[in-house]
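# Architecture and fold: a report
So the chains spell out like this:
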Amino acid sequence: PGGTDRPRDEWSARRRAAGLEHGGVTKAIRVLVASDPDSLSGKAQKARAYAVPIVTEGAFEQVFAECCRNRS
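Computed from a predicted model, the values in this text were never measured in an experiment.

Analysis parameters
- Residues numbered from 1 in each chain as written.
- Predicted model: local features only at pLDDT ≥ 70, side-chain atom pairs only at ≥ 80, totals over all residues.
- Heavy atoms only, no water.
- pLDDT = per-residue confidence, 0-100.
- Helix = DSSP H or I, 4+ residues; strand = E, 2+ residues; numbered from the N terminus.
- Contact = heavy atoms within 4.5 Å.
- Axes fitted to C-alpha atoms, helices over the stretch in contact; angles between N-to-C directions.
- Parallel < 35°, antiparallel > 145°, perpendicular 65-115°, else oblique.
- Left-handed = near helix turned anticlockwise from the far one by under 90°.
- Nonpolar A, V, L, I, M, F, W, Y, C, P; charged D, E, K, R; others polar.
- Buried < 20%, exposed > 50% of the residue type's maximum accessible area, 1.4 Å probe, protein only.

### Focus on the confidence of the model for the protein
Of all residues in the protein, 94% have pLDDT values of 70 or greater, and the mean over the chain is 86. Within the protein, helix α2 (residues 42-49) carries the highest mean pLDDT (96), whereas helix α1 (residues 8-17) carries the lowest (83).

### Observations concerning the side chain of Glu61
Tracing the backbone through its elements, the reader meets Glu61 in helix α3 (residues 57-71). The residues contacting Glu61, other than those within four sequence positions of it, are Arg6, Trp11 and Arg14.

### So, the packing of α1 against α3
The N-to-C vectors of α1 and α3 enclose an angle of 30 degrees; their axes lie 13 Å apart at closest approach. The angle between the axes of α1 and α3 places the two elements in the roughly parallel class. Here α1 runs over α3; the crossing is left-handed. Residues Trp11, Arg14 and Arg15 of α1 pack against Glu57, Phe60, Glu61 and Phe64 of α3. Per-class residue counts for the contact of α1 with α3 are three nonpolar, no polar and four charged.

### Some details on the environment of Gly24
By secondary structure assignment, the location of Gly24 is in the loop between α1 and β1 (32-33). By relative accessible area, Gly24 is classed as partly exposed at 47%.

Okay, structure coming up:
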């Protein structure tokens, strides 16, 4: 929920290149990236109901970069 520091199309390209899927909040997602992890948005509330972690873009960037390094 909310805006991101990087443009969405940049994130989409990086996500696709890493083989990650993008979609709505379901029980199957592993993480929700949000500008405000304390958001009360519908997506954030649904993520909390499914016990899905909500992280900032910066936190996701760190984990994503580490994951990409480990795949190389």
